[in-house]
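# Coordinate analysis (summary)
Here's the letter readout for the chains.
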Amino acid sequence: MALTIEEVEHVARLARLNLPAEEKNMYAQQLSSILDFFTILNRLPTDGVEPLAHVLPLFNVMRADETGPSLPRDEAMANAPLAEDGQFKVPKIV
Amino acid sequence: MELYQYTVQEIGEMLARREVTASEVLAASAERIGRVESRIHAFITLTLEEAEKTAKELDARDEIGGLAGIPCGIKDNLCTRGVRTTCASEMLEDFVPPYDATAVKKLKAAGAVMVGKLNMDEFAMGSSTENSGFFPTHNPWDLTRVPGGSSGGAAAAVAAGEVFYALASDTGGSIRQPASFCGVVGMKPTYGRVSRFGLVAFASSLDQVGPITRTVTDCALVMNAICGHDHLDSTSLKVPVPDYTKDLQEGIKGLKIGFPREYFQEGVDRGVRDTIMKALLKFEELGAVVEETSLPHSEYALPTYYIIAPSEASSNLARFDGVRYGYRDGNARDTVEMFSSTRARGFGPEVIRRVMLGTYALSSGYYDAYYLKALKVRRLIKEDFDRAFERYDILASPTTTSTAFRIGEKAQDPLTMYMSDMLTIPVNLAGIPSISIPGGFIDNLPVGLQLMGPPLSEATLLKAAYAFEQATDYHLRTPVLEV
Amino acid sequence: MTEKYEAVIGLEVHVELKTNTKAFCGCGLSFGALPNSHVCPGCLGMPGAIPVLNRELVEFAIKTGLALNCKIAEFCRFDRKNYFYPDLPANYQISQLDLPIASAGYLEIESEGVKKKIGINRVHMEEDAGKLVHQGSIMTTPYSLVDLNRAGTPLLEIVSEPDIRSPREASMYMEKLRSILLFLRVSDCKMEEGSLRCDANVSVRPRGQERLGTRTEIKNLNSFRSLERALEYEIKRHIELLEEGGELVQETRTWDEDRQVTLSMRSKEEAQDYRYFPDPNLPPVIIDPEWVERVRKTLPELPDQARERLMSEYNLSSYDANLLTMSKDVLDFFDACVAEYNEPKLIANWVMGELTRLLNQNNMEIKDCRVTPSSLAAMLKLMEQGTISGKIAKVVFEEMFNTGDAPEKIVKDRGLVQISDESAIKAIVDEVIAANPKVVEDFKAGKEKALGFLVGQVMKASKGKANPEIVNRLLREELSRP
């Protein structure tokens, strides 16, 4: 299950990871061998098995529609790498 | 005996009797840290000044008891208000959360004295703490070896006597495996037993918070403090918390212990297998009924985990983009570039690998073959355990496939590193509780014994662990760090 | 051209719900508050924060599903929709994919006198993103600012079946949907403010063909009018392209309000892959029949039912009934007024006429206005008694609207009581006749219009207070004398 460089680039784009060119091959190889390893699962028939998305038999966990504490503005913004007028500042969005 | 060598229980009693003050205990820990930390490198951040304030306040109180006044360390993926929480990543090197994780809050309410934040594999992804974005931690038993991961700093700090206990997290064995490598006790509670609020998420359906301690009794004491329902965590169980110390000494006569044969096969070092088989004999001496059993889908646990965990992680780590906190590449011309460059630089290679793996497994065309398939196999693995627990009270196995390996030994090939998790991972997939305790030694390196139980069976696990501990002297052995 | 082709339209509507708190955290909903002042670790996407579902969101969703004749799911679940955008704090949105809370419903519109059901494919719960502020347009701004107050606001997404066949039907669908949501009081449904958003999917096909044509999606529709215009434009564009033999691309287009055209939004990037998977932090929701019934009992009378009632009980026309049932507040006002003064047609006229005019002029909502159902009823009673004429009533009404005073007080304070004393009016009539001999002659010569002038003069002399009926009668009597 060899991953091509194009596939690695596609996944990196989806994941917003700007991989340096020299590392793409390394990741392609490593990911390919891990994906190869996953093929062992194909040996196991799972037709009719319900996927286990939640391991606990919990349902309907809800809270009342009452306000709780919000963060004071200065705390909310304290870790901002760049801010202006109490808002997070980002470069232009394409 | 020096102060730092006592257990949580012992120090707690001494504090309660006013034989010693919290400030004195802290000073002892601080001194110990001063002596050994330069060789262990367990801490990312030390908070000794703040700890001194806390200790002083506690000493001024009329009464002190329980966990109050006892120095501890917190794994650096648990948010601590006002104290930087890095997850051992450059992405969060300067992140200071304005909130405490619930488990941390509970410890603080119990009077815990936090001395610092402990090193780990970056974002909890790893089995050796070599993936820390800052530096590796060294195993106190042999400084050339890894302490395990991802809670390597926590296990090492406890084993070296730098702290009396630590709070850590376990997603695929991250508490139990380092506990095994460092010869200490580590427990992963039932999923939902301890709140995950404030634990930086790696794989939300697998993560749990738990204690690392030197003895089983200490573990029970910390469990008493951190377990319980939290309205801030929708996956938190609304089940009352028993006193985990109450029945520790009950003994295990008639306890039915199964050992799954799949956990004793070739992938596990011969020496480890033998050590644990010997340990099982000890259980029989203590009156338990020990029998071989089978968890037939065991071999599928590793690939299942390595699909589910990275998939959830790829989504959980998407928030790290440089917009609202953390590292940002300020040179980017637009947001796509900013996100991509920030993340590529802020994350280490193992994190990148897993985010890519997870993104791939969830992506269009592959979701059914990977993620959905893994969720189905997960059910089969859980059902294996359900069936086993119809016959047995608990299951026993080695915690790890080997003793602590050398720093750098497995770092080359990710897959080899992943393989070393194979004995601890199934527990997280099933959501059941598990504990690792010292089970023996090979060439002066600890071998961990893992006990697993049905959901909410922590008391039984602790009882069995206690019986074994008291019948052996492994828990009394400590690494020799002085020259 | 349009006879040859048929338009196939589906609408995706997002509704911002008026709960007290956000979908998955306890932050209050804010309008116009200081940026980033209603946020917490959860809606800031901070590490270690996890969601807790707001019960009211589920209640509103069930309510809406029932009002749209949907089947309410017994088991539903939240999924993560993963994509990167600066206004999305965790770079994923909690939504519902496979198991939405409601599905297979419909709403009814009336198109040219014919009732038509538009299918509702699904209703699902999700959370809103934050707000982006640009310097100028998003295309040219050098930077953007992110305010996360809105992030996490509960939304319902309502997706119609592609049963809509014209731009007019589309806006009728929106009007009906909007009034249903207003009646349920789950949202204030203001498209201009963004609490009601609409994206349209449109394709065309030759009439009679079953296969659907290539579909385009239109975004950035800020009013019902934009929706209609954009659909008209896009349908025309599709048809022209097909007639030329050109190729229609399946894509997303944005409506440019200034230039009144749709523009392609195709970017260099690939299509989005949202990598949906069930959110592990949120246990599923099981809705048993008892819960559904409990909610069903709280359903108010819905617009269609109210329309029927107004038409059958009060004999109002369907036009009037439609207008009166566009908003629950208007309907409540109307009903309350009729309860005090049983002249529904008259009240309807006043509500749809003068009251609406004044509300629009002052940019106000009926619930905020100073006229009450009681005061309107009282004023109409004064009219009935002959205390004021219809014309004077308009003056009184406007004063009621501006001051909130009772009609009796206004009439008294401004001396607006209608003069119905025949002898007093006769005196004025005599004066006016005497003062306008030429006009009188014209009238006697057959010019009916001349009467109007004379009536006007009498009204003027009486400062509008003379009872117009009596004025008319007396004038005619006098003028018919030889």
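Now for the overall build of chain A. Counting its secondary structure elements, chain A contains three helices and three strands. Ordering the α and β elements of chain A from the N terminus gives α-α-β-α-β-β. Relative to its length of 94 residues, chain A is extended, with a C-alpha radius of gyration of 22 Å against a globular reference of 12 Å. Dimensions of chain A, computed from C-alpha atoms along their principal axes, come out at roughly 55 × 45 × 20 Å. Taken across its 94 residues, chain A has 48% of its residues classed as buried. Here chain A displays about 4,800 Å² of accessible surface, and carbon together with sulfur accounts for 52% of that area. Averaging the locations of the 8 positively and 14 negatively charged side chains of chain A gives two centres separated by 6 Å.

Attention now moves to the nonpolar core. If you look at the biggest cluster of nonpolar residues, it comprises 202 residues, and the most contacted ones within it are B:Phe123 and B:Phe283. With near-sequence residues (within four places) excluded, B:Phe123 lies in contact with B:Cys87, B:Ser89, B:Met91, B:Leu92, B:Val200, B:Phe202, B:Leu317, B:Phe320, B:Phe347 and B:Val351.

With that settled, consider the side chain of C:Ser171. All names here are of chain C. With respect to the helices and strands, Ser171 occurs in helix α2 (residues 167–184). Accessibility expressed as a relative area gives 1% for Ser171, which makes it buried. Engagement of the side chain of Ser171 in a polar contact is seen with the side chain of Glu228, the distance being 2.7 Å. Not counting chain neighbours up to four residues away, the residues in contact with Ser171 comprise Phe224, Leu227 and Glu228.

This part takes up the packing of helix α1 (residues 5–14) of chain A against helix α2 (residues 21–38) of chain A. For any two helices packed against each other, one specifies the crossing angle of their axes together with the interaxial distance. Residue and element names in this part refer to chain A. Two elements in contact, α1 and α2, have axes separated by 9 Å at closest approach and are oriented at 100°. Taken together, α1 and α2 sit at an angle that is classed as roughly perpendicular. Two secondary-structure elements touch here, α1 through Ile5, Val8 and Glu9 and α2 through Lys24, Asn25 and Ala28. Along the lines of polarity and charge, the residues of the contact of α1 with α2 split into three nonpolar, one polar and two charged.

Every contact between the two is made by 48 residues of chain A and, on the other side, 64 residues of chain B. For the pair chain A and chain B, the two sides together bury roughly 5,200 Å², of which 72% comes from carbon and sulfur. Run the count over chain A and chain B and you get two salt bridges. A salt bridge links B:Glu299 to A:Arg43; its shortest N-O distance comes to 3.4 Å. Across the contact surface, chain A and chain B share 14 residue pairs in polar contact (both at pLDDT 80 or more). The leading source of residues in the side of chain A that touches chain B is α2(A), at eight residues. Along the lines of polarity and charge, the residues of the side of chain A that touches chain B split into 36 nonpolar, five polar and seven charged.

Right, let's talk about the domain arrangement of chain C for a bit. Residue and element names in this part refer to chain C. Domain assignment breaks chain C into domain 1 (2–291), domain 2 (301–413) and domain 3 (422–480). Computed over C-alpha atoms, the centres of domain 1 and domain 2 are 35 Å apart. Taken together, the contact pairs 13 residues of domain 1 with 16 residues of domain 2. In total, domain 1 and domain 2 occlude about 1,100 Å² of area from one another, counting both sides; carbon and sulfur atoms represent 56% of this. A per-residue breakdown of the area domain 1 buries against domain 2 is headed by Lys176, Phe183 and Arg185, which together make up 50% of the total.

Residue and element names in this part refer to chain C. Reading across the sheet, the three strands line up as β6-β5-β16 and stay open at both edges, with antiparallel pairing between neighbours. Sheet topology places β6 (92–95) and β16 (277–278) at the edges, where each strand pairs with a single neighbour. Sheet topology note: the strand β5 (residues 79–82)/β16 ladder contains two bridges and is antiparallel. The partner of Asp79 across the bridge, within β16, is Pro278.

Right, let's talk about the interface of chain C and chain B for a bit. Between chain C and chain B, the residue contacts involve 31 residues of the former and 40 residues of the latter. Note on chain C versus chain B: buried area summed over both sides is about 2,700 Å², and carbon and sulfur give 61% of it. At the boundary of chain C with chain B, the tally comes to zero salt bridges. Across the chain C-chain B interface, the total number found is 16 residue pairs in polar contact (both at pLDDT 80 or more). Taken together, the elements giving at least two residues each to the side of chain C that touches chain B come down to β5 and β16 of chain C. Of the residues in the side of chain C that touches chain B, the class split is 22 nonpolar, five polar and four charged.

Another point: the pattern of salt bridges. Residue and element names in this part refer to chain C. One pass over the structure, following the stated rule, counts 69 salt bridges over all chains. Notably, a salt bridge pairs Asp332 with Arg185, separated by 3.3 Å at the nearest N-O pair. With Asp332 in helix α7 (residues 328–340) and Arg185 in the loop between α2 and β12 (196–206), this pair connects stretches of sequence that are 147 residues apart. In this structure Asp332 comes out as partly exposed when scored by relative accessible area, which is 31%. Via salt bridges that share partners, Glu16, Asp128, Arg150 and Arg197 belong to a single interconnected network.

This part takes up helix α9 (residues 301–316) of chain B. With 16 residues, α9(B) extends 22 Å from end C-alpha to end C-alpha; this agrees with the ideal 22 Å at 1.5 Å per step. Most of α9(B) sits out of view: 16 of its 16 residues are buried.

Residue and element names in this part refer to chain C. Viewed as axis vectors pointing N to C, α7 and helix α9 (residues 373–385) meet at an angle of 45°, and their least axial separation amounts to 8 Å. With respect to their mutual orientation, α7 and α9 come out oblique. Classified by chirality, the crossing of α9 by α7 is right-handed. Listed contacts from α9 to Phe333, Ala336, Cys337 and Glu340 of α7 are Pro373, Ser374, Leu376, Ala377 and Lys381. Residue composition of the contact of α7 with α9, by class: six nonpolar, one polar and two charged.

Below, the discussion takes up the side chain of B:Ser420. Residue and element names in this part refer to chain B. With respect to the helices and strands, the residue Ser420 is situated in the loop between α13 (414–419) and α14 (425–430). A polar contact is formed between the side chain of Ser420 and the backbone oxygen of Met417, at a distance of 2.6 Å. Those residues in contact with Ser420 that sit more than four places away from it in its chain are Ser127, Thr401 and Lys410.

Calculation criteria
Residues numbered from 1 in each chain as written. Chains lettered and ligands numbered in written order. Predicted model: local features only at pLDDT ≥ 70, side-chain atom pairs only at ≥ 80, totals over all residues. Heavy atoms only, no water. Helix = DSSP H or I, 4+ residues; strand = E, 2+ residues; numbered from the N terminus. Rg over C-alpha atoms; globule rule 2.2 N^0.38 Å. Buried < 20%, exposed > 50% of the residue type's maximum accessible area, 1.4 Å probe, protein only. Areas by Shrake-Rupley, 256 points an atom, 1.4 Å probe, with all protein chains shown as cover. Lys, Arg positive; Asp, Glu negative; His and termini not counted. Charge placed at Lys NZ, Arg CZ, Asp CG, Glu CD. Core = buried A, V, L, I, M, F, W, Y, C linked by side-chain atoms within 4.5 Å. Contact = heavy atoms within 4.5 Å. Polar contact = N/O pair within 3.5 Å; in protein donor to acceptor, adjacent residues only side chain to side chain. Axes fitted to C-alpha atoms, helices over the stretch in contact; angles between N-to-C directions. Parallel < 35°, antiparallel > 145°, perpendicular 65-115°, else oblique. Nonpolar A, V, L, I, M, F, W, Y, C, P; charged D, E, K, R; others polar. Buried area = accessible area lost by both parts, 1.4 Å probe. Salt bridge = Lys/Arg side-chain N within 4 Å of Asp/Glu carboxyl O. Domains from an automatic or database assignment. Pairing = 2+ DSSP bridges. Expected span 1.5 Å × (residues − 1). Left-handed = near helix turned anticlockwise from the far one by under 90°.

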